[in-house]
Amino acid sequence: MHEAQWVVTYECGLNKASKYCSLGEHTRKEASLAEKLEAISLLSLIGIRRLKFLGGEFFDLDEAEQLVLAANSSNFDFVVTTNGMQADKIMAIANRVGFKPRSGLFFSLDFLSDEYSVGGCSHVKTLQAKNLIPKLVGIVPLLGVNTVIHARNLDELPNILAWITDLGGFMNVCPLIWGDWGKFIYRTADQELALKPKHYSQVEDTMAILLAMKRQGYNLACSEEYITKLAKVCCCDRRFGWDCGHLTFCPLLRIDSDLSLMVCSDIRGAIVPRFKLQDLVDAAQYAIFQQAWLDDEHRQYCCGHFGCYWSNIVRARDNFDEGGSFLK
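### Observations concerning the overall build of the protein
Thought 1: Looking only at helices and strands, the protein has eleven helices and eight strands in total.
Thought 2: Relative to a compact globule of 328 residues, whose C-alpha radius of gyration would be 20 Å, the protein shows 19 Å and is just as compact.
Thought 3: Expressed along its principal axes, the backbone C-alpha trace of the protein runs to roughly 50 × 45 × 40 Å.
Thought 4: Counting across all 328 residues of the protein, residues that qualify as buried make up 57%.
Thought 5: Taking all contacts inside the protein whose residues are at least 6 apart in sequence as the whole, residues at least 24 apart take part in 78%.
Thought 6: For the protein, the computed accessible surface area is about 13500 Å², with 49% contributed by carbon and sulfur atoms.

Spelled out as C-alpha cells, the structure:
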C-alpha cells in the first residue's frame, strides 16, 4: 500500500455545537500524542507515500501543530482535511510552521451559490472554505476541496472546479453514498439527495462537462474512468454498481483513532480491526493483514448487498502503480 487515511480524532466542535452529525457508537478511543507521533514514524517505515489526516476535526486537537511538524519531517506527502472552523489556528500554523512541498489542506465545499446549498454542516463548512482558501493561496503548497455530489448541486460542479482551479487548487468529488446497515460509519440511510435513475441524463451531461474541463487542464483530482462511470454506477435504485469485491489486494490503508485498522472509510470490519498499525512493520503480519482484508466478512457482505463508489478507494486503486496521488 502506498496511501493511508487516518481518522486521527472523532472530536468535532462543529458537531458538538450544532448536532449536525453524530457518529455515536462508531467512535473509538483516541491514541495519545506519543502514540500518534510513533504512528507517523511507522507510516514512513512501512512505505506510505501519501497520508490524509481525517476527523472529526484535526484542528480541534491541542497537538495539531506538533502533528504537522512531525508530518513535515516524514518521508510521505500529506494533507489535512478540515471543516475550516478553526480559521485563526489554521492560519497561525500555516504561517508559523507551514506545510512541506506537495502537502497541505483539503476543505469541504459543496456549492458556490447558496441556491445549491442543502443546509446543515455542508452549508457551514462550505462558507468557511470559500472564505479561507483564498487567504491560504501562496502560503500552503497544496489546497483542495472535497465536494459531495448530490441531486441538487449537479449544475454547480463545473463552477466549483473552475473556482478552485483559478486559485491553483484541486477538486476531488465523491457522490453521496447511501445504504442502511448498522455496520456503516458514514454513509447515510436517507436517500432524499441521492443520485437516482431519474437523474441519469443530468449526471451524464455534468460528468461530460467535468471530463472535458479535466482534459483542458482544470484540476479535477480523480481519474477519467471514475467520472465516466459515475452515472452508471450511482444512478441506481437498489445498490451501487461498483464494489471492492473484485480487488485482489487492499489499495488503501485506513487507520482508526486508536491505531487499529479498518476495511475502508465506511466499515471497520469483523477481522481487520484486530490488526494495529504496528503489526504492519513485520512482513509476515503485513501479508496476513492483506489476506484478512480480502476475507473480512463485513467487506464481503457490503460487496454483495450494497456496493459503493467512495472516491478514495477507487482513486487509490487507479493510482496504485504510481505510488498513489492526491491530484489524479
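Further notes follow.
### Topic: the packing of helix α2 (residues 33-45) against helix α3 (residues 64-72)
Thought 1: Put simply, α2 and α3 touch, their axes get as near as 10 Å, and they point 20° apart. Our classification of the angle between α2 and α3 gives roughly parallel. The handedness of the crossing between α2 and α3 is right-handed. Contacts from Leu33, Lys36, Leu37 and Ile40 of α2 reach α3 at Gln66, Leu67, Ala70 and Ala71.
Thought 2: Considered class by class, the residues forming the contact of α2 with α3 number six nonpolar, one polar and one charged.

### Concerning the environment of Phe240
Thought 1: One can find Phe240 in the loop between α8 (224-234) and β7 (252-255).
Thought 2: When the C-alpha positions of Phe240 and Phe107 are compared, they lie 26 Å apart, and in sequence the two are 133 residues distant.
Thought 3: Residues contacting Phe240, with those up to four places away along its chain left out, are Leu176, Ile177, Trp178, Val233, Cys234, Phe306, Gly307, Cys308 and Tyr309.

### Description of the nonpolar core
Thought 1: Counting residues in hydrophobic clusters, the biggest one holds 97 residues, and the most contacted among them are Leu43 and Leu253.
Thought 2: No other element matches α8, which puts six residues into this core.
Thought 3: Not counting chain neighbours up to four residues away, the residues in contact with Leu43 comprise Ala4, Trp6, Ile48, Leu51, Phe76, Leu253, Ile255 and Leu277.

### Thoughts on the pattern of salt bridges
Thought 1: A complete count under the given rule lists 15 salt bridges for this structure.
Thought 2: Ionic pairing is found between Lys36 and Glu63, a salt bridge with its closest N-O pair at 2.6 Å. Here Lys36 is found in helix α2, whereas its partner Glu63 is found in the loop between β2 (50-54) and α3, with 27 residues between them in sequence. Taken individually, Lys36 and Glu63 each receive the classification buried, so the pair is uniform in this respect.
Thought 3: Close ionic contact of Asp77 with Arg102 constitutes a salt bridge, the shortest N to O distance being 3.2 Å. Taken together, the residues span a long stretch of sequence, with Asp77 in strand β3 (residues 77-82) and Arg102 in the loop between α4 (87-96) and β4 (104-108) at a distance of 25 residues.
Thought 4: By relative accessible area, Asp77 is classed as buried at 9%.
Thought 5: On the accessibility criterion, Arg102 (57% relative accessible area) is exposed.
Thought 6: A single salt-bridge network, built from bridges that share partners, covers Glu225, Lys229, Arg317 and Asp318.

### Digging into unusual backbone geometry
Thought 1: At the junction of Gly55 and Gly56, the peptide bond is cis and its omega measures out at 15° in the coordinates.
Thought 2: As for its placement among the helices and strands, Gly56 is situated in the loop between β2 and α3.
Thought 3: With a phi close to 70°, Arg102 is a non-glycine residue in the positive phi region.
Thought 4: At Leu259, a residue that is not glycine, the phi angle is positive and equals roughly 75°.
Thought 5: The topology assignment puts Leu259 in the loop between β7 and β8 (261-262).

### What about the sheet that holds β3?
The strands that make up a sheet are held in pairs by hydrogen bonds between backbone atoms, and each pair lies either parallel or antiparallel.
Thought 1: The strand order across the open sheet formed by eight strands is β6-β5-β4-β3-β2-β1-β7-β8, and the pairing between neighbours is mixed. Every interior strand has two partners, whereas the edge strands, β6 (170-175) and β8, have only one.
Thought 2: One ladder, built from five bridges, connects β4 with strand β5 (residues 142-149); its direction is parallel. The partner of Ser108 across the bridge, within β5, is Asn146.
Thought 3: Here α2 sits on the sheet and contacts β1 (3-7), β2 and β7; the angle it forms with β1, its principal contact strand, is near 170°.

### Remarks on the side chain of Thr165
Thought 1: You can see Thr165 is positioned in helix α6 (residues 157-166).
Thought 2: Within the structure, the side chain of Thr165 is placed 3.0 Å from the backbone nitrogen of Asn219, a separation counted as a polar contact.
Thought 3: Excluding residues within four positions of it along the chain, Thr165 makes contact with Gly217, Tyr218 and Asn219.

### Examining the state of the cysteines
Thought 1: Per the stated rule, a full pass over the model turns up zero disulfides.
Thought 2: Cysteine Cys174 remains unbridged, with the sulfur of Cys234 as its closest cysteine sulfur at 8.0 Å.
Thought 3: Taking the relative accessible area as the measure of exposure, Cys174 reaches 12% and is therefore buried.

About the criteria used
- Residues numbered from 1 in each chain as written.
- Predicted model: local features only at pLDDT ≥ 70, side-chain atom pairs only at ≥ 80, totals over all residues.
- Heavy atoms only, no water.
- Helix = DSSP H or I, 4+ residues; strand = E, 2+ residues; numbered from the N terminus.
- Rg over C-alpha atoms; globule rule 2.2 N^0.38 Å.
- Buried < 20%, exposed > 50% of the residue type's maximum accessible area, 1.4 Å probe, protein only.
- Contact = heavy atoms within 4.5 Å.
- Areas by Shrake-Rupley, 256 points an atom, 1.4 Å probe, with all protein chains shown as cover.
- Axes fitted to C-alpha atoms, helices over the stretch in contact; angles between N-to-C directions.
- Parallel < 35°, antiparallel > 145°, perpendicular 65-115°, else oblique.
- Left-handed = near helix turned anticlockwise from the far one by under 90°.
- Nonpolar A, V, L, I, M, F, W, Y, C, P; charged D, E, K, R; others polar.
- Core = buried A, V, L, I, M, F, W, Y, C linked by side-chain atoms within 4.5 Å.
- Salt bridge = Lys/Arg side-chain N within 4 Å of Asp/Glu carboxyl O.
- Pairing = 2+ DSSP bridges.
- Polar contact = N/O pair within 3.5 Å; in protein donor to acceptor, adjacent residues only side chain to side chain.
- Disulfide = S-S within 2.5 Å.

The values are spatial; any link to function lies outside them.
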